Amino acid sequence: MTNEELRKSVRQRLGTIKGHVAGIERMVDENKNCEEILLQLSAITGSVNKLSAHILENYTDACLEEARIADDKVRQRIENLTKMMLNMARK
């Protein structure tokens, strides 16, 4: 992914998060119940975690390309570690 594509993707995801936050602000102003607000907060948490994972994945890919690791075993171990970290970040 190019830097420009990553920037666009990150901005789109941030827009989604902003929309969730604005929705919660309206819900608070409208005295919505805690259950509904907590559900929206959960959506924000999920969105932030997915954004973090997205950035981490692209950062790792860029680092691996920059390092030009020739040893396939080392590269595979790094890729496996990255996948594990991404799975944890997305939860």
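Before reading on, note that the structure itself is shown above.
Residues numbered from 1 in each chain as written. Predicted model: local features only at pLDDT ≥ 70, side-chain atom pairs only at ≥ 80, totals over all residues. Heavy atoms only, no water.

Chemist: Please set out the nonpolar core residue by residue, giving values where relevant.
Modeler: The nonpolar side chains of soluble globular proteins are, as a tendency, buried together. Of all hydrophobic cores here, the largest spans 8 residues; its members are Leu6, Val10, Ile17, Ile24, Met27, Ile37, Ile44 and Leu51. Elements with a contribution of two residues or more to this core: helix H1 (3-29) and helix H2 (34-67). The greatest single-element share of this core, amounting to 5 residues, is contributed by H1. In this structure, valine 10 is in contact with Leu51, His54 and Ile55, ignoring residues within four places of it in sequence. (Core = buried A, V, L, I, M, F, W, Y, C linked by side-chain atoms within 4.5 Å. Buried < 20%, exposed > 50% of the residue type's maximum accessible area, 1.4 Å probe, protein only. Helix = DSSP H or I, 4+ residues; strand = E, 2+ residues; numbered from the N terminus. Contact = heavy atoms within 4.5 Å.)

Chemist: Can you tell me about H1, naming the residues and giving the values?
Modeler: Over its 27 residues, H1 extends 39 Å from the first C-alpha to the last, a length consistent with the 39 Å expected when each residue adds 1.5 Å. Residues of H1 that are buried include every one of Leu6, Ser9, Val10, Ile17, His20, Gly23, Ile24 and Met27, and no others. Where the residues of H1 are buried, they touch H2. In the stretch just after H1, asparagine 31 is the one whose phi turns positive, near 55°. (Expected span 1.5 Å × (residues − 1).)

Chemist: Tell me about the pattern of salt bridges, residues and numbers included.
Modeler: A complete count under the given rule lists 3 salt bridges for this structure. Two residues, glutamate 30 and lysine 32, come together in a salt bridge whose shortest N-O distance is 4.0 Å. The class for lysine 32 is partly exposed, based on a relative accessible area of 36%. The closest approach of N and O atoms between arginine 75 and glutamate 79, which form a salt bridge, is 3.4 Å. Placement of the pair is arginine 75 and glutamate 79 together in helix H3 (residues 72-89), with a separation of 4 residues, close to one helical turn. (Salt bridge = Lys/Arg side-chain N within 4 Å of Asp/Glu carboxyl O.)

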